[in-house]
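# Residue-level structural notes
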Amino acid sequence: MTSTLENSGQTAAPARVATKRHYLMCRPDHFTVAYRINPWMDPAIPTDTSLAVTQWNTLYETYLSLGHTVELIDQIPGLPDMVYTANGGFIIDNVAYGALFTHPERQPEGPAFMEWFREHGYEVAEPQNTNEGEGDFLLVGDVILAGTGFRSASNSHEELGEIYGREVVTLTLVDPRFYHLDTAISVLDPLTGDTSANIAYLPSAFDTASRLELERRFPDAIEVSEEDGAILGLNSISDGYNVVIANRAVGFEKQLRERGYNPIKVDLSELLLGGGGVKCCTLELR
Ligand code: ARG
């Protein structure tokens, strides 16, 4: 497939390199929307658990076909949001910083994920401050981008910096539809010196200071449209080349192709009823 660059004056899109990943997922055997803790959720709208499982399975099979390793945690009945494993913790170099959820409905998930991490050989850092794991913390190169405003408290960012000894960049979310950082930023590349389009983001989801910070750090980032943002199109998973995205994110798909990535579309419409997409259903084990 041929591609053209919108930015004239630039040379061809750089060659992207896929690397094998290790993920934790949770089959949504008990998926439903029983409460409302984000604007996407409406308990009055019926959910179809078997459709959620079918759609989730497509995502799972997609990762396997790309050569990634996927671990599974069993969903606990009564914890319908457990399918969004990205919120279960944050892991670098085998150290898992546990989640301490904002809303009581999800709080029992924290210990359940920490137990899984321990059983699977990860060193667990018990959280002292409210945080929702990789939903709000994104590793880009050596730096951790950390969201606050709706869920994770800013003192969790300090805790994160102490645990991992890395720079943590606080970004403030301002639009309730984009309540986790992974709904407003997608990390596309592990940052290997080439800074072009390492991330994609929706500028309007952030306060002014955070927007300026993102512009400064990522001058060539993809800025997605409001339309693509509004269907959680940024909630995607990249292995450096293949980017698994929502099937309705057509503008984002085009932008990714122009930058040398290979977008792969999946339909997770049922899981969107809970306010989550591709990324939310995926926790990276590093
Ligand atoms: N219903 C869940 C919540 O509001 C959705 C979580 C989505 N996860 C994510 N990583 N953005 O907590």
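The present account deals with the structure reproduced in this document. Keep in mind it's a predicted model, so treat the numbers as computed, not measured. (Residues numbered from 1 in each chain as written. Predicted model: local features only at pLDDT ≥ 70, side-chain atom pairs only at ≥ 80, totals over all residues. Heavy atoms only, no water.)

## A word on the site of the ligand
Near the ligand there are 17 residues, and of these Asn 38, Arg 106, Asp 182, Gly 274 and Cys 280 occur at the shortest range. Asn 38 is positioned with one of its side-chain polar atoms (N or O) 2.7 Å from an oxygen atom of the ligand. Gly 274 is positioned such that a nitrogen or oxygen atom in its backbone is 2.7 Å from a nitrogen atom of the ligand. Here the ligand, which alone exposes 350 Å², has 100% of that area covered by the protein. The residue makeup of the shell around the ligand, split by class, is 6 nonpolar, 7 polar and 4 charged. (Near = heavy atom within 4 Å. Polar contact = N/O pair within 3.5 Å; in protein donor to acceptor, adjacent residues only side chain to side chain. Areas by Shrake-Rupley, 256 points an atom, 1.4 Å probe, with all protein chains shown as cover. Nonpolar A, V, L, I, M, F, W, Y, C, P; charged D, E, K, R; others polar.)

## With respect to the nonpolar core
Judged by nonpolar contacts, the single largest core of 38 residues is most densely connected at Leu 145, Ile 185, Phe 206 and Phe 252. Looking at this core, the elements that each hand over two or more residues are strand S6 (137-140), strand S7 (143-148), strand S8 (168-172), strand S9 (185-187), strand S10 (199-201), strand S13 (242-246) and helix H6 (250-258). Among residues more than four places away in sequence, those in contact with Phe 252 are Ser 186, Leu 188, Ala 200, Ile 222, Val 224, Asp 228, Gly 233, Leu 234, Ser 236 and Ile 245. Among the nonpolar cores identified, the runner-up in size contains 24 residues, and Tyr 23, Met 41, Val 266 and Leu 271 belong to it. (Core = buried A, V, L, I, M, F, W, Y, C linked by side-chain atoms within 4.5 Å. Buried < 20%, exposed > 50% of the residue type's maximum accessible area, 1.4 Å probe, protein only. Helix = DSSP H or I, 4+ residues; strand = E, 2+ residues; numbered from the N terminus. Contact = heavy atoms within 4.5 Å.)

## Observations regarding the pairing of S6
The two faces of S6 match: Phe 137 and Leu 139 on one face and Leu 138 and Val 140 on the other face are all buried. Sheet topology places S6 next to S7; 4 bridges connect them, and they run antiparallel. Note that in S7 the partner of Leu 139 across the bridge is Ile 144. (Pairing = 2+ DSSP bridges.)

## Observations regarding the pairing of S8
Every second residue of S8 is oriented toward a common face, the buried set being Val 169 and Leu 171 and the non-buried set Val 168, Thr 170 and Thr 172. With 5 bridges joining them, S7 and S8 adopt parallel strand pairing. Bridge pairing links Ala 146 to Thr 170 in S8. Assessed by its sense of winding, the connection that carries the chain from S7 through helix H3 (residues 154-164) to S8 is right-handed. (Right-handed = clockwise from strand over helix to strand, strands pointing away.)

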